[in-house]
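# Descriptive analysis of the structure
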There are 2 protein chains.
Amino acid sequence: MVKLDKVDISILSQLQSNADITNAELSKRVNLSPTPCFNRVKRLEELGILNGKVALVSAGMLGLNVNVFIHISLEKQDEEALKCFEGAIADRPEVMECYLMSGEEDYLLRVLVPDIQSLEKFILTHLAKIHGISNIRSSFALKQVRYKTSLPLPETGLTIVD
Amino acid sequence: MVKLDKVDISILSQLQSNADITNAELSKRVNLSPTPCFNRVKRLEELGILNGKVALVSAGMLGLNVNVFIHISLEKQDEEALKCFEGAIADRPEVMECYLMSGEEDYLLRVLVPDIQSLEKFILTHLAKIHGISNIRSSFALKQVRYKTSLPLPETGLTIVD
DNA sequence: GTTGAAAGAGGCGCAGC
DNA sequence: GCTGCGCCTCTTTCAAC
């Protein structure tokens, strides 16, 4: 059982919006002295709640301007078929997100590519070759209005029962 | 006009998968000495290609287990209506992503909430109150199969014309 | 929980190639 | 463009309260 108080939530909130600050600075922002602040961050890392730090790269500045949502239906929905599909897309770098969905269609992918040609190539040479797919439907994003990695955190503490 | 060579791409690739390494370690991985490596990172930051570092927080461990895709249609699609909608969701923390879409429906949102009750509350007290919405349709994710923040980078260099 | 001290590492700038 | 040197700040650990 894991317990997080308001200060823990506050630390997570700070770090998920900017991980580039020093421990000294972080401790000020959460009204703690450096040592306990450092210990809490270590604890959150050991619990697996803090999952590492990453640099965010601007997709637009690298010419990665085409976000496509691909809806996929399978012929069957047994465990075998799901594993087969998930394994096939696991190492494709252009697949940013993949969800197993309820409703008519089985999977929803967000694919990020530089242009339509790259999308066509991805669909033909990778997606279409996966066994068990019955239908592929693509919707294009005209604009990415919002994208964030910061989770919506509660203002109060949390008790997480394992 | 911005030029990135293979080493720049390599730096971006390293940092977007792990931003917690020291400059000394990074320089080894990209086969550079520390100083020019440091200067390249600074340049990438100044160009706005590197957009800061963030800590990734585990949604599942905080009980944020419900990913919902909400498709939204507007009555009109003029600039006024789009601005109104985008402004209304801009400060909602549960809206992780928002795309202006081609096709039948106008917007696609990914919303992250702890449970269905929170989703209902979000739709009733926030979404439904926005003027100009003609239809709201939700699809639930049964499982997040994949989620990553690392962009698909080219193996060769890039020339970006401004 | 807090402070303070001390060692070791890394950031960051400079001089020279 | 590269390397090597050096200061200085920060992290990180410790003992003590």
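Notes on the structure in this doc start here. Within every chain, residues take consecutive numbers counted from 1 along the sequence as written. As they are written, the chains are lettered A onward and the ligands numbered 1 onward, keeping that order. It should be noted that, the model being predicted, local features are given only for residues of pLDDT at least 70 and side-chain atom pairs only at 80 or more, the latter also being counted only at that level, while totals for whole chains, interfaces and linings use all residues. Hydrogens and water are ignored here; the side-chain numbers use all heavy atoms of the structure.

For these two chain copies, the linking operation is a rotation about an axis paired with a shift along it. Alignment of the copies relies on least squares applied to C-alpha atoms, considering only residues that score at least 70 for pLDDT in both. With an RMSD of 0.1 Å, the operation that places chain B on chain A is a rotation of 180° combined with a shift of 0.0 Å along the axis. What the superposition gives is, in effect, a two-fold axis relating one chain to the other. Within chain B, Val54(B) has its C-alpha nearest the rotation axis, a separation of 2.8 Å. Contacts are assigned to residue pairs with any non-hydrogen atoms lying within 4.5 Å of each other. Taken together, the interface assignments show that 100% of the residues at the interface of chain B recur at the interface of chain A, consistent with an identical surface on both copies.

Turning to the packing of helix α1 (residues 6–17) of chain B against helix α3 (residues 34–46) of chain B, a few remarks are in order. All names here are of chain B. Interhelical geometry of α1 versus α3 gives an angle of 80° and a closest axis separation of 11 Å. In terms of axis orientation, α1 runs roughly perpendicular to α3. On the side of α1, the interface is formed by Val7, Asp8, Ile11, Leu12 and Leu15, while α3 contributes Cys37, Arg40, Val41, Arg43 and Leu44. Its residues assigned to classes, the contact of α1 with α3 comprises 7 nonpolar, no polar and 3 charged. Interaxial angle, 0 to 180 degrees, is taken between N-to-C directions of lines fitted to C-alpha atoms, where a helix line uses only the stretch in contact. Helix and strand assignments follow DSSP, with helices taken as H or I runs no shorter than four residues and strands as E runs no shorter than two, numbered in order from the N terminus. Roughly parallel here means an angle under 35 degrees, roughly antiparallel means over 145, roughly perpendicular means 65 to 115, and every remaining angle is called oblique. For this scheme, ten residues count as nonpolar: Ala, Val, Leu, Ile, Met, Phe, Trp, Tyr, Cys and Pro. Four count as charged, namely Asp, Glu, Lys and Arg, and the remainder, Gly too, count as polar.

What follows is about the sheet that holds strand β3 (residues 66–74) of chain A. Pairs of strands are assigned from DSSP output, requiring at least two bridges between the strands. What the 8 strands build is a closed barrel, ordered β3(A)-β5(A)-β4(A)-β6(B)-β3(B)-β5(B)-β4(B)-β6(A); its pairing is antiparallel. Across this sheet, the average inter-strand angle for adjacent strands is 35°, counted without regard to direction. Bridging between β3(A) and strand β5 (residues 107–113) of chain A involves 7 bridges; their strand directions are antiparallel. Within the sheet, the bridge partner assigned to Ile72(A) lies in β5(A) and is Tyr107(A). Helix α5 (residues 116–127) of chain A contacts β3, β4 (95–101), β5 and β6 (133–147) of chain A of the sheet and is inclined by roughly 25° relative to β3(A). Packed onto the sheet, helix α4 (residues 79–89) of chain B meets β6 of chain A together with β3 (66–74), β4 (95–101), β5 (107–113) and β6 (133–147) of chain B and runs at close to 10° relative to β5(B).

With that settled, consider the protein's contact with DNA strand C. All residues adjacent to DNA strand C are Leu32(A), Ser33(A), Thr35(A), Pro36(A), Arg40(A), Thr22(B), Asn23(B), Ala24(B), Thr35(B) and Phe38(B). In the interface set of DNA strand C, defined as its atoms within 4 Å of the protein, sugar plus phosphate atoms amount to 82%. The term polar contact refers here to a pair of N or O atoms within 3.5 Å; inside protein, the definition further demands a hydrogen-donor-capable atom paired with an acceptor-capable atom, and it admits residues adjacent in sequence only when both atoms are side-chain atoms. In the model, a phosphate oxygen of DNA strand C is placed 3.2 Å from a nitrogen or oxygen of the Ser33(A) side chain. Arg40(A) places a side-chain nitrogen or oxygen 3.2 Å from a phosphate oxygen of DNA strand C. Elements that contribute at least two residues to the surface near DNA strand C include exactly α3 (34–46) of chain A together with α2 (23–29) and α3 of chain B. Residues of the surface near DNA strand C, tallied by class, amount to 4 nonpolar, 5 polar and 1 charged. Only heavy atoms are used to decide nearness, and a residue is near a molecule or strand if one of them lies within 4 Å of it.

Moving on, we come to the protein's contact with DNA strand D. As a structural note, the neighbourhood of DNA strand D is formed by Thr22(A), Asn23(A), Ala24(A), Phe38(A), Leu32(B), Ser33(B), Thr35(B) and Pro36(B). Near-protein atoms of DNA strand D (within 4 Å) split between backbone and bases, with sugar and phosphate holding 90%. A distance of 3.5 Å separates a phosphate oxygen of DNA strand D from a polar atom in the backbone of Ala24(A). The contact in question runs from a base oxygen of DNA strand D to an N or O atom on the side chain of Thr35(B), over 3.2 Å. Counting residues per element, the ones that place at least two in the surface near DNA strand D are α2 (23–29) of chain A together with α3 of chain B. The class makeup of the residues in the surface near DNA strand D is 4 nonpolar, 4 polar and no charged.

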